[in-house]
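# A closer look at the structure
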Amino acid sequence: METKCEVKHGLEGVAVAISSISYVDGEKGELIYRGFSIEDLVEYSNFEETAYLIWFGNLPNENELDFINAMLTKKRELPKNIIRLMYLFPKNAHPMEVLRSVVSVLGMYSSDNNSTFEDAINLTAKIPTIIAYWYRIKNNFSLIHPNEDLKHSENFLYMMFGDIPQEKELFDKSLILHMEQGMNASTFASTVTASTLSDVYSIITTALGTLKGQLHGGANEKVLMMLEEIRTIDYVEKYVNDLILKRKKIMGFGHRIYKTFDPRAKILKKWLNEIKEEIRYYKIALKVEEVVLKNFKGKKIYPNVDFYSGILYNYFNIPKDFFTTIFAMARIVGWTAHAMEYCKNNRIFRPRSIYNGPKNLDYKKIKEVKING
Ligand code: CMC
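We now examine the pairing of strand β1 (residues 22–25). Strand residues, when the strand is regular, have side chains that alternate between the two faces of the sheet. Sheet topology places β1 next to strand β2 (residues 30–33); four bridges connect them, and they run antiparallel. Its bridge partner lying in β2, Tyr 23 is registered against Ile 32. Hairpin geometry of β1 and β2 is characterised by an intervening segment of four residues between the two adjacent antiparallel strands and by a positive phi of about 75° at Gly 29.

A word on the domain arrangement of the protein chain. Entries for the protein chain in the domain assignment read domain 1 (17–213 + 320–343) and domain 2 (219–315). Taking only C-alpha atoms into account, the centre of domain 1 sits 25 Å from that of domain 2. If you look at the interface, domain 1 gives 28 residues, while domain 2 gives 27 residues. Around 2200 Å² of area is buried between domain 1 and domain 2 when both sides are counted, 65% of it from carbon and sulfur atoms. Applying the counting rule to domain 1 against domain 2 returns two salt bridges. A salt bridge links Lys 320 to Glu 228; the nearest nitrogen and oxygen atoms lie 3.2 Å apart. Counting the contacts that link domain 1 with domain 2 gives eight residue pairs in polar contact (both at pLDDT 80 or more). Where the side of domain 1 that touches domain 2 is concerned, the elements lending two or more residues are β1, β2, α1 (38–44), α8 (168–178) and α16 (323–344). Counted by class, the side of domain 1 that touches domain 2 contains 10 nonpolar, eight polar and 10 charged residues.

To continue, consider the layout of surface pockets. What the largest pocket holds in volume is close to 1900 Å³. For the largest pocket, the lining is made up of 49 residues, of which Gly 254, His 255, Arg 256, Ile 257 and Lys 259 are closest to its centre. Among the residues making up the lining of the largest pocket, the classes are represented as 21 nonpolar, 16 polar and 12 charged. Each of domain 1 (17–213 + 320–343) and domain 2 (219–315) gives at least three residues to the lining of the largest pocket. Roughly 390 Å³ of internal volume is contained in the second largest pocket. Contributing to the lining of the second largest pocket are 15 residues, with Leu 11, Val 14, Val 16, Pro 351 and Arg 352 lying nearest its centre. Grouping the constituent residues of the lining of the second largest pocket by class yields 10 nonpolar, no polar and five charged.

Here helix α5 (residues 95–106) crosses helix α10 (residues 200–211) at 170°, and the two axes come no closer than 8 Å. Here α10 runs roughly antiparallel to α5, going by the angle between their axes. In contact with Met 96, Leu 99, Arg 100, Val 103, Ser 104 and Leu 106 of α5, α10 contributes Tyr 201, Ile 204, Thr 205, Leu 208, Gly 209 and Leu 211. Here the residues of the contact of α5 with α10 are counted per class, giving eight nonpolar, three polar and one charged.

Moving on: the site of the ligand. In the vicinity of the ligand there are 22 residues, among which Leu 215, Ile 250, Gly 252, Phe 253 and Arg 256 approach most closely. A distance of 2.9 Å is found between an oxygen atom of the ligand and a side-chain nitrogen or oxygen belonging to His 216. A distance of 3.5 Å is found between an oxygen atom of the ligand and a side-chain nitrogen or oxygen belonging to Arg 247. Here the ligand has 920 Å² of accessible area as a free molecule, and 71% of this is covered by the chains. Here the ligand is seated within the largest pocket. Taken together, the residues of the shell around the ligand break down into nine nonpolar, seven polar and six charged.

Rules behind the numbers
Residues numbered from 1 in each chain as written. Predicted model: local features only at pLDDT ≥ 70, side-chain atom pairs only at ≥ 80, totals over all residues. Heavy atoms only, no water. Pairing = 2+ DSSP bridges. Helix = DSSP H or I, 4+ residues; strand = E, 2+ residues; numbered from the N terminus. Domains from an automatic or database assignment. Contact = heavy atoms within 4.5 Å. Buried area = accessible area lost by both parts, 1.4 Å probe. Salt bridge = Lys/Arg side-chain N within 4 Å of Asp/Glu carboxyl O. Polar contact = N/O pair within 3.5 Å; in protein donor to acceptor, adjacent residues only side chain to side chain. Nonpolar A, V, L, I, M, F, W, Y, C, P; charged D, E, K, R; others polar. 1 Å grid on protein atoms, 1.4 Å probe; cavity = no way out; pocket = protein on both sides within 12 Å on 5 of 7 lines; lining within 4 Å. Points joined across faces, edges and corners; volume = space filled by probe spheres on them. Axes fitted to C-alpha atoms, helices over the stretch in contact; angles between N-to-C directions. Parallel < 35°, antiparallel > 145°, perpendicular 65-115°, else oblique. Near = heavy atom within 4 Å. Areas by Shrake-Rupley, 256 points an atom, 1.4 Å probe, with all protein chains shown as cover. Sits in = over half its atoms within 2 Å of the grid points.

What follows is the structure, given as structure tokens:
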């Protein structure tokens, strides 16, 4: 066995880049984007402004914000052939499969002369349209085309449902929570693709495939499935204890970096508390949190962002199989920011594995191998 280098399972504790995009303090439970706390950004900012901040490193002035708004607004519509293609997809296709596939196909429609930033804006603008069109196609509803008078997130809700809920700002702010989170699995995977000098469509296809997994962005859908299965508060204790006994992971808990409450989960919980009416699954979720914390005392396993985000999306009538696409609609900003940052000082990612298989075997042609017996 080779012993010259050490394997860090899951790359735990390994830094692969220097970045000024975001900072996570896992012990204190802090998250900052370009120097601004996530708490301040959700309080004072919005999707477009925070996207500008993450891409360019500073808050925009009015002209710069107008520029981003205009770019995002005019690139929303999908090519007609892609819409036709979406009608051919099986209706039971998972929304993340559809999103990943359409993003990949969009690469064929992009000009080689586009800058990385133009492609990043193009995909950021189009991802909500892909999600909303698929929701409507899947349900045999007629399409609602983008409305240029509406902001990014409200236009998304409009394309999904045909009207805009009163709490549209809360939905916009929830996107800010998901925009960026350092070198997480999907950002790492997409940065690897970027490091080969591939195109933005390939970079984001990689990211989407990675985000889809249930240990990453796919957890929010699984959390809602769990809450649906539990159904009543009285069943929580038994359900959670059974999972722990069987050493199964409880979805929406634990994090590689946060060893205390995920600040995003804290913010989501505060918002859910502030909503006056009864929110579906929220009370069950609070009980799950109580039982998990009691069981894992001292193990530093706390709710992460995916534990509470689905309850909020459900409140906005977004079906659970679409939850991870909402995560993607926000995280595209972080993915593309990291790809652009990394490529300024690019070096292809090429780690190694340690071989522990056989060596020096004698090759025998298939006819020479005697069949025993
Ligand atoms: N339920 C039960 N036990 C857990 C959980 C959990 N959710 N998370 C961690 N543990 C235990 C784990 O079994 C291990 O125990 P032991 O030391 O006895 O073997 C210990 O805690 C360390 O866990 P790990 O799996 O080695 O930690 P990791 O850093 O490799 O994994 C994680 C992090 C997020 C994949 C993991 O906590 C997990 O699978 N959570 C559930 C899925 C989830 O909620 N994912 C969303 C993550 S946050 C947002 C995002 O990235 O999308």
